[in-house]
Amino acid sequence: MACFTSLPYRDKTYPFLQTIFAATELSPISFGCYDAATDAVKLYQFYLGFATIGGLTPVTENCFVQKTEDQQYFLTNEALSAALNPVT
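Residues numbered from 1 in each chain as written. Predicted model: local features only at pLDDT ≥ 70, side-chain atom pairs only at ≥ 80, totals over all residues. Heavy atoms only, no water.

Asks: For this particular structure, what's the right way to read the packing of helix α4 (residues 39–53) against helix α6 (residues 69–84)?
Replies: Two quantities define a packed helix pair, namely the angle between the helix axes and the distance between the axes. Where α4 meets α6, the closest approach of the two axes is 7 Å, and the angle between their N-to-C directions is 30 degrees. On the basis of the axis angle, α4 is roughly parallel to α6. Crossing of α4 against α6: the hand is left-handed. Residue-level inspection shows Ala40, Leu43, Tyr47, Phe50, Ala51 and Ile53 of α4 in contact with α6, the latter providing Gln72, Tyr73, Leu75, Thr76, Ala79, Leu80 and Ala83. When its residues are assigned to classes, the contact of α4 with α6 shows eleven nonpolar, two polar and no charged. (Axes fitted to C-alpha atoms, helices over the stretch in contact; angles between N-to-C directions. Helix = DSSP H or I, 4+ residues; strand = E, 2+ residues; numbered from the N terminus. Parallel < 35°, antiparallel > 145°, perpendicular 65-115°, else oblique. Left-handed = near helix turned anticlockwise from the far one by under 90°. Contact = heavy atoms within 4.5 Å. Nonpolar A, V, L, I, M, F, W, Y, C, P; charged D, E, K, R; others polar.)

Right, dumping it as structure tokens:
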């Protein structure tokens, strides 16, 4: 725990992303790419994982990053909801 709490924010979110992608057949982007990415691209990675788990057809990264921040969070929220309540 102490090691985790001493990490900067971006280093804390990457293991979370790895855990989400472990539940999919997708491979997460490398830490170097993630670290250098914009916030929108980072959020897209979470959206993509949640959408895949939830059985949604995700929008492309280019489409996602061109949306407003509110739209990005709305899509991510929808994907998370689908991941938590998958259609069977």
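Asks: Help me understand the environment of Ala22, please; the structure alone is not making it clear to me.
Replies: Tracing the chain through its elements places Ala22 in helix α2 (residues 9–22). Sequence separation between Ala22 and Gly49 is 27 residues, and the spatial gap between their C-alpha atoms is 9.1 Å.

Asks: Quick question: what am I supposed to make of α6 here?
Replies: In an α-helix, one turn spans 3.6 residues, which is why side chains three or four residues apart end up on the same side. Here α6 spans 22 Å end to end across 16 residues, near enough to the 22 Å set by a 1.5 Å rise per residue. Considered for burial, the residues of α6 that qualify are Gln72, Leu75, Thr76, Ala79, Ala82 and Ala83. All buried residues of α6 lie within an arc of 120 degrees about the axis, which places them on one face of the element. Seen from the open side of α6, the exposed residues pointing more than 90 degrees away from its buried face are Asp70 and Leu84. (Expected span 1.5 Å × (residues − 1). Buried < 20%, exposed > 50% of the residue type's maximum accessible area, 1.4 Å probe, protein only. Arc of directions from axis to C-beta.)

Asks: Would you take a moment to explain the side chain of Thr24 for this structure?
Replies: Following the sequence through the fold, Thr24 ends up in the loop between α2 and α3 (31–36). A polar contact is formed between the side chain of Thr24 and the backbone nitrogen of Leu26, at a distance of 3.0 Å. What Thr24 contacts, discounting residues up to four positions off in sequence, is Gly49, Thr52 and Ile53. (Polar contact = N/O pair within 3.5 Å; in protein donor to acceptor, adjacent residues only side chain to side chain.)

Any link to function would need more than the numbers given here.
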